[in-house]
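Each chain, written out:
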Amino acid sequence: KKLCRFLEPEDVMTPEGLARIFATLEASPMVRDIDDDEGHQEQMEFLMLRRENGEGADAFAARAVKFTQAYAGAPCCSPSRAVLLTGRASYRTGVYDFLSKHSGDMHMARTERTVASLLRDAGYATVHMGKWHLSRAGWGGAPEHFGFAHSNRSFSPAAELVAAFEGWLSHGRRPAHPFFALLALWEPHEPVERWSPPEFRRMYHRPASGRSLVEDAQAAQGGCGRCVWRRPLRGSPAVYYGCLSQADAAIGRALAALERRGLRDDTLVALTSDNGPEHRERNSWGSAAGLKGAKGFVYEGGIRVPLALQWPKALRASMPASGRDVDEPVQLWDLLPTLCAAASVPPPADRIVDGVNLLPLLFATALPGTAEAGSVLRRETPLFWAMHRGRGGMQYALREGDWKLLAGYGRFPARSYGPVAPAEVSPWLRAVMLGRVELYRLSLDPTERVDVAAERPDVVARLLPVLQRLVHETARDGALVTGWSERSPPCPRWNRRLNLTEHCCASRSGSRYTK
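Computed from a predicted model, the values in this text were never measured in an experiment.

A.B. asks: Describe the overall build of the protein chain, and please don't skip the residues or the numbers.
C.D. replies: Across its full length, the protein chain holds 13 helices and 20 strands. Taken across its 515 residues, the protein chain has 62% of its residues classed as buried. At a minimum sequence separation of 6, the contacts of the protein chain that also span at least 24 residues come to 77%. Accessible surface computed for the protein chain: about 18700 Å², of which carbon and sulfur atoms make up 52%.

Take a look at the structure:
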């Protein structure tokens, strides 16, 4: 069996005329995390680009199993990638935030078992191309430590990463040998202009709508809530769209490379993303399509992502040619148990794995030892998200069925919270108490506009202790970080450099959606 997974592009935004398919992108090849910072499209618009020939992500998704309620592992890159690779909550892995000069010696714990290490030990060839962002400055391990026999960790456009992947397919592995590949595309992460060649930008200079390109782009972005601000002066949307078109062309070449070698039919390919759209930079034209929030927020706009899987030979008998939608809420931590099950490899038994096997949903039939077809997945760990420096006033979220509870530190969002210097954050998280809450019923209020916490105290009383327990449990499982003393951001918060105010995402209260 071949497992080919695409992993990550960052913010996505779709111009008019692109196929309406589903949410956020984030690009990585073979078992590919679609794109870094792409963003969820409310009508399930999966931004894929126009090309004259070949198959891109839109054509791929049209014939795939599409998860219409898929979530990232966290609202930003490093923790979300750790979740995807380990099948475990980000705090358990020691990755509490994105790695930077402010995060001390934070890194993914060297003791973590990844999907790559599990498959390598089972005889799979393994390769990683592109973004890593789980170790830095001598702290932590390189991809090779976590099961990837080869990694280029290249800061290169998707076209170059795919070319390297094609070379590996031809010369870096034994023919007929099973393999696992992770292509972690940078697009459309900053610097967006680096990934946007002129020939792709020129595709977007004359919108068919008759409006200007900027007007089209602004209309497509929709409202993410006033807490998601944009720069008053930004670059042309053509730069962002060209970046995504370049990545889409590369996706098509990666799929064609599998086809030419007779590997496509037997290869499970996943396309997904690591977080919602970026919105603060010069070329931030990504859209959450009406969902509240963006990258860095635990509201839907920061964590809803696209997830589409193809496994032609295995799924042919159970799926129509037009693909199939699955509405069950899933999370990126589900990919490790799913890929292990597809390869008949047991997940780690010596630690908590938070994800569950999605194969019953893929096949729409019962598998030995799993729930019956069409039933709700049996989860030991409910879907939840943690981000100590979460933006918009909330740091944590938990979803149970239709209900989504958000929680923040303390009583006053205008304060920042954290340990008093020189104390550090990771020990503080092991005992922190949650304060403010918001509650939404997503089936009736998918854009999180009406907070019903006051009308449904019974739901809050049931879910808040669960979320509080998960924060403490996962923080206590995670490694202590030296040199990380950042506090949670207050809101509203004024950006001196841009003369802009970032507001809280708090919603109006009401009883409209409490039934």
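Alright, that's what it looks like, and here's the rest.
A.B. asks: Before we move on, could you go through the sheet that holds strand β15 (residues 403–409) and cite the residues and values that matter?
C.D. replies: Spatially, the four strands line up as an open sheet ordered β13-β14-β15-β16, and their pairing is antiparallel. Each of the sheet's edge strands pairs with one partner strand only, and the pair in question is β13 (383–386) and β16 (434–441). Direction aside, the axes of adjacent strands within the sheet are offset by 15° on average.

A.B. asks: Any chance you could break down the packing of helix α6 (residues 213–221) against helix α7 (residues 237–260) for me, citing the residues and the numbers?
C.D. replies: Interaxial distance between α6 and α7 falls to 9 Å at its minimum, and their mutual angle equals 65°. Viewed along their axes, α6 and α7 adopt a mutual orientation that is roughly perpendicular. Contacts between α6 and α7 involve L213, V214 and A217 on the former and, on the latter, P237, A238 and Y241. The residue makeup of the contact of α6 with α7, split by class, is six nonpolar, no polar and no charged.

A.B. asks: Tell me about the state of the cysteines, and name the residues and values.
C.D. replies: Linking two cysteines covalently via their sulfur atoms produces the bond known as a disulfide. Applying the stated criterion to the full structure yields two disulfides. Across the disulfide from C227 sits C505; the S-S distance is 1.9 Å. Residues C227 and C505 are joined by a disulfide whose S-S torsion is about 85°; by sign, that bridge is right-handed. With C227 in the loop between α6 and α7 and C505 in the loop between β19 (500–502) and β20 (508–509), this residue pair connects regions lying 278 residues apart in the sequence. On the accessibility criterion, C227 (1% relative accessible area) is buried.

A.B. asks: Run through the pairing of β15, naming residues and quoting values.
C.D. replies: A large share of β15 lies buried, amounting to seven of its seven residues. With five bridges connecting them, strand β14 (residues 396–400) and β15 associate as antiparallel partners. Bridging from a neighbouring strand, R399 pairs with K404 of β15. Linkage of β14 to β15, two consecutive antiparallel strands, is achieved through a turn of two residues, within which G401 is found at a positive phi near 60°. Inspection of the sheet shows β15 paired to β16 by six bridges, in the antiparallel sense. Considered in β16, the bridge of L405 is made with L439.

A.B. asks: I'd like a rundown of the packing of aromatic side chains, residues and numbers included.
C.D. replies: What characterises a pair of aromatic rings is the spacing of the ring centres plus the angle enclosed by the ring planes. Within the structure shown, the criterion is met by 19 aromatic pairs. Relative to Y417, the ring of Y409 lies with its centre 6.3 Å away and its plane at 55°, an arrangement referred to as tilted. Members of the aromatic cluster, joined through ring pairs, are Y91, Y96, Y396, Y409, Y417, W428 and W484. Residue placement shows R234 over the ring face of W285; its charged tip is 3.7 Å from the ring centre.

A.B. asks: Explain the pattern of salt bridges to me, using residue names and the numbers behind them.
C.D. replies: Overall, the coordinates contain 25 salt bridges when judged by the stated rule. The salt bridge partner of E300 is K404, with a shortest N-O separation of 2.9 Å. With a gap of 104 residues between them, E300 in helix α8 (residues 300–303) and K404 in strand β15 connect regions that are remote in the sequence. By relative accessible area, which is 1% here, E300 ends up buried. Taking relative accessible area as the criterion, K404 reaches 0% and is therefore assigned buried. Salt bridges sharing common partners tie together R92, D354, R469, E473 and D477.

A.B. asks: Please provide a residue-by-residue account of the side chain of T126, values included.
C.D. replies: Checked against the element boundaries, T126 lands in strand β5 (residues 125–130). Judged by its relative accessible area of 1%, T126 falls in the buried class. A polar contact of 2.6 Å, which involves the side chain of T126, links it to the backbone oxygen of G147. Within the structure, T126 has its side chain in polar contact with the backbone nitrogen of A149 (distance 2.9 Å).

A.B. asks: Quick rundown of helix α2 (residues 77–86)? Include the residues and the values.
C.D. replies: The element α2 is extensively covered by neighbouring structure, given that ten of its ten residues are classed as buried. Where α2 is concerned, the buried positions are C77, S78, P79, S80, R81, A82, V83, L84, L85 and T86.

What counts, and at which threshold
Residues numbered from 1 in each chain as written. Predicted model: local features only at pLDDT ≥ 70, side-chain atom pairs only at ≥ 80, totals over all residues. Heavy atoms only, no water. Helix = DSSP H or I, 4+ residues; strand = E, 2+ residues; numbered from the N terminus. Buried < 20%, exposed > 50% of the residue type's maximum accessible area, 1.4 Å probe, protein only. Contact = heavy atoms within 4.5 Å. Areas by Shrake-Rupley, 256 points an atom, 1.4 Å probe, with all protein chains shown as cover. Pairing = 2+ DSSP bridges. Axes fitted to C-alpha atoms, helices over the stretch in contact; angles between N-to-C directions. Parallel < 35°, antiparallel > 145°, perpendicular 65-115°, else oblique. Nonpolar A, V, L, I, M, F, W, Y, C, P; charged D, E, K, R; others polar. Disulfide = S-S within 2.5 Å. Phe/Tyr/Trp six-rings, centres within 6.5 Å; stacked < 30°, edge-to-face > 60°. Lys NZ or Arg CZ within 6 Å of the ring centre and 35° of its normal. Salt bridge = Lys/Arg side-chain N within 4 Å of Asp/Glu carboxyl O. Polar contact = N/O pair within 3.5 Å; in protein donor to acceptor, adjacent residues only side chain to side chain.

Purely geometric stuff here, so don't read any function into it on its own.
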